[in-house]
Amino acid sequence: MGRIVCFGELLLRLGAPGNELLLQSPQLQVHVGGAEANVGVSLSRLGHQVAMVSTVAGNALGAHVLGELRRHGVDTRGVREDAEGRMGLYFLTTGAVQRASEVVYDRADSAFARSTAADYDWPALLQDAQWLHVSGVSPALGPHVAAATLAAARAARQAGVRVSFDGNFRPRLWQRWGGDAQAVLRELFAQADIVFADYRDMEVVLGTRFTQPDLMERIDAAAAAAFGAFPQLQWMACTQRQVLSVDHHVLGAVLLGCDGTRAQAPLRHLQGIVDRIGGGDAFAAGILHGILSGLDADATVRFGLAAGALKHSIPGDFNPVSEADVLALMGEERFDVRR
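Under the annotation held in an unreviewed UniProt entry, the chain carries the name Sugar kinase and is attributed to Stenotrophomonas geniculata. Recorded in UniProt under Sequence similarities (unreviewed entry), the annotation for the chain is "Belongs to the carbohydrate kinase PfkB family."

This is the structure in C-alpha cells:
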C-alpha cells in the first residue's frame, strides 16, 4: 500500500506518577510522544509501513526517542540529529475527580523548532510514499518550522503523494511569535486530501462563524464550506467529545466526503479514563487505516472511533494496539478476559 510519512516534533513527556500533582513527590514518569509520531506509531501497529521525518537532539534523550519509535516498527532514517539541539519537553499532571489534567510545555528553541525547510530533502524523503501526515502543531512553533511544514505539503502534492492534515490549532503557540495562523493553515488545508478538523478549525481558517444551534449542523456547514473552499479536499473527519467528569467522557465521530457521503459512529461512553492524551491522534490513525484498507465510510468512522476509545485506556501518548484489538472492540468483545 506504500509508506506513510509523518513529519513533526518528537517530544518527551514527563508526568507526575498516578494522580499526583507535578513534583508532589520527587519523581517523573517518561513517555515519548508528539502528535504526528502518535499517528505514525498507531499506523505501524495497525500493519502499515511508516517513516518519521523530524529533528531531535543528538544526545541520549534523542537516542531514546528514536529507539522507542523503532520499537514500534517506525522507520527513523529520515530523522535528523542536531548535536547542539535540545529535545522538546512537556510536563503532565493527570487530573482526577473534579481536578482537570494540566500540561506545561517546555519546547521553545528545541532542535525541531530550530530546523528549516532546507534541512529536509523531500523528494528523497517522500520516495515510494503514498501519504504524508502533518499537523497544525508544527507550523505554530515558529516561522522556520511553518515554512518547513508548507514545503513538505507542497512537495507531497507535487509528487502525487496524498496529504493528511490534522488542524490541531494551538492559539498560544501562534501568539508567542505573532504568526499568521489563518494564512498558514489555509495553505495547508489547500494541500490536503483529508483534514481532521471541526467547525472551530474552519472558523479560524475561513474567517467564518458557524452559528447553527445544533453541533452536528455546525459541523455539516463547516464541511460544506471547506469542500467549497478547497477543491483538492476529499474528506473531513472529527470527533465530538462531551466531558461529564475528568474520567467519564462521551465520544462520537463523523466522517464527511466531498461527494456528500456522511457517516456517523454511535456514541461511546468512556468511563474510568486512564489517559486521554493522544486520543485524537489514535482516531486519525484509525480513519487513515480505514481509507488505506478500502473500508467503506461507515466502517472507517467506526474503526477510527474505536481506536480513539482504546487509547483512553492506555498510559502514554502512543496507542500500541493491533487491528484485531480494534475490531474486537467494534464487535463489543471487550469486557471479559481474553484467554
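Here the narrative resumes.
*Asks:* Help me understand the sheet that holds strand E5 (residues 75–82), please; the structure alone is not making it clear to me.
*Replies:* Hydrogen bonds between backbone groups are what pair the strands of a sheet, and the pairing can be parallel or antiparallel. Pairing in this open sheet of 9 strands is mixed, and the strands run E5-E4-E1-E8-E9-E10-E11-E12-E13 from one edge to the other. Both outer strands of the open sheet, E5 and strand E13 (262–271), are each paired with one neighbouring strand and no more. The mean inter-strand angle of the sheet, taken between neighbouring strand axes irrespective of direction, is 15°. Note: strand E12 (residues 248–257) against E13, 8 bridges, orientation antiparallel. Bridged to His 248 within E13 is Gln 271.

*Asks:* I would appreciate a short explanation of unusual backbone geometry in the present structure.
*Replies:* The phi torsion at Val 97 lies on the positive side, around 55°, for a residue other than glycine. Counting through the fold element by element, Val 97 comes out in the loop between strand E6 (88–93) and strand E7 (102–106). A relative accessible area of 65% places Val 97 in the exposed class. Here Asp 128, not a glycine, exhibits a phi torsion of approximately 65°, which is positive.

*Asks:* What am I meant to see in the side chain of Thr 94 here?
*Replies:* As for its placement among the helices and strands, Thr 94 is situated in the loop between E6 and E7. Setting aside its immediate chain neighbours within four residues, Thr 94 contacts Gly 18, Asn 19, Arg 99, Ser 101 and Val 274.

*Asks:* I would appreciate a short explanation of the UniProt feature "domain: Carbohydrate kinase PfkB" (unreviewed entry) in the chain in the present structure.
*Replies:* UniProt feature "domain: Carbohydrate kinase PfkB" (unreviewed entry): in the numbering of this structure it lies at residues 2–316. Helix and strand shares over residues 2–316 are 36% and 28% respectively, and the end C-alpha atoms of the span are 28 Å apart.

*Asks:* Can you walk me through a nonpolar patch on the surface in this structure?
*Replies:* Residues Leu 22, Leu 23, Leu 28 and Val 104 make up a contiguous nonpolar surface patch of about 310 Å² in total accessible area. Among the structural elements, Val 104 can be located in strand E7.

*Asks:* Looking at this structure, I do not really get the environment of Ala 253. What am I missing?
*Replies:* Note that Ala 253 resides in strand E12. Along the sequence, Ala 253 and Ile 273 sit 20 residues apart, while their C-alpha atoms lie 18 Å from each other. The contacts of Ala 253, once residues within four sequence positions are left out, are Cys 238, Thr 239, Gln 240, Ala 263, Gln 264, Ala 265, Phe 283, Val 301 and Leu 305.

*Asks:* Would you mind going over the packing of helix H7 (residues 199–206) against helix H8 (residues 215–229) with me for this structure?
*Replies:* Helix-helix packing is described using two parameters, namely the angle between the two axes and the distance between the axes. Contact pair H7 / H8: the axes reach a minimum separation of 9 Å and the direction vectors enclose 40°. Here H8 runs oblique to H7, going by the angle between their axes. Note that H7 runs across H8; the crossing there is left-handed. Contacts between H7 and H8 pair Tyr 199, Met 202 and Leu 206 from the former with Leu 215, Arg 218, Ile 219, Ala 222, Ala 225, Ala 226 and Ala 229 from the latter.

*Asks:* Help me understand the side chain of Gln 191, please; the structure alone is not making it clear to me.
*Replies:* Among the secondary structure elements, Gln 191 is positioned in helix H6 (residues 181–191). Within the structure, the side chain of Gln 191 is placed 2.7 Å from the side chain of Glu 187, a separation counted as a polar contact. Once residues lying within four places of it in the same chain are set aside, the contact partners of Gln 191 are Ala 153, Arg 154, Arg 157, Val 163 and Gln 232.

*Asks:* What's the story with the environment of Tyr 120 in this structure? I'm lost.
*Replies:* Tracing the backbone through its elements, the reader meets Tyr 120 in the loop between E7 and helix H3 (122–125). Residue classification places Tyr 120 among the buried positions, given a relative accessible area of 6%. Through-space distance from the C-alpha of Tyr 120 to that of Ala 151 is 9.1 Å; in sequence the pair is 31 residues apart. Not counting chain neighbours up to four residues away, the residues in contact with Tyr 120 comprise Phe 7, Val 53, Ser 54, Thr 55, Arg 80, Phe 112, Ser 115, Leu 125 and Ala 148. A distance of 2.9 Å separates a polar atom in the side chain of Tyr 120 from a polar atom in the side chain of Ser 115.

*Asks:* Can you walk me through H8 in this structure?
*Replies:* Every α-helix carries 3.6 residues per turn, so stepping three or four residues along brings you back to the same face. In this model, H8 (15 residues) spans 21 Å end to end at C-alpha, consistent with the 21 Å of a helix rising 1.5 Å per residue. Burial in H8 covers these residues: Met 216, Arg 218, Ile 219, Ala 222, Ala 223, Ala 226 and Phe 227. Looking straight down H8, one finds its buried side chains confined to an arc of 165°; they lie on one side. Contacts made by the buried residues of H8 are with H7, strand E11 (235–245), E12 and E13.

*Asks:* Just checking my understanding: could you explain the pairing of strand E9 (residues 162–166) for this structure?
*Replies:* The side chains of a regular strand alternate, first on one face of the sheet and then on the other. By the criterion of burial, E9 is predominantly enclosed, with 4 of the 5 residues buried. Two elements, strand E8 (residues 129–135) and E9, share 5 bridges in a ladder whose sense is parallel. Residue Val 134 lies in a different strand from E9, and its bridge partner there is Phe 165. Two elements, E9 and strand E10 (residues 194–196), share 3 bridges in a ladder whose sense is parallel. The residue bridging Phe 165 from the neighbouring strand is Val 195, located in E10.

Here is what the cut-offs are and how they apply
- Residues numbered from 1 in each chain as written.
- Predicted model: local features only at pLDDT ≥ 70, side-chain atom pairs only at ≥ 80, totals over all residues.
- Heavy atoms only, no water.
- UniProt positions renumbered as here; feature names shortened; annotations may be inferred.
- Pairing = 2+ DSSP bridges.
- Helix = DSSP H or I, 4+ residues; strand = E, 2+ residues; numbered from the N terminus.
- Axes fitted to C-alpha atoms, helices over the stretch in contact; angles between N-to-C directions.
- Buried < 20%, exposed > 50% of the residue type's maximum accessible area, 1.4 Å probe, protein only.
- Contact = heavy atoms within 4.5 Å.
- Patch = residues over 30% accessible without salt bridge, like charges linked within 9 Å, V, L, I, M, F, W, Y side chains within 5 Å.
- Areas by Shrake-Rupley, 256 points an atom, 1.4 Å probe, with all protein chains shown as cover.
- Salt bridge = Lys/Arg side-chain N within 4 Å of Asp/Glu carboxyl O.
- Parallel < 35°, antiparallel > 145°, perpendicular 65-115°, else oblique.
- Left-handed = near helix turned anticlockwise from the far one by under 90°.
- Polar contact = N/O pair within 3.5 Å; in protein donor to acceptor, adjacent residues only side chain to side chain.
- Expected span 1.5 Å × (residues − 1).
- Arc of directions from axis to C-beta.

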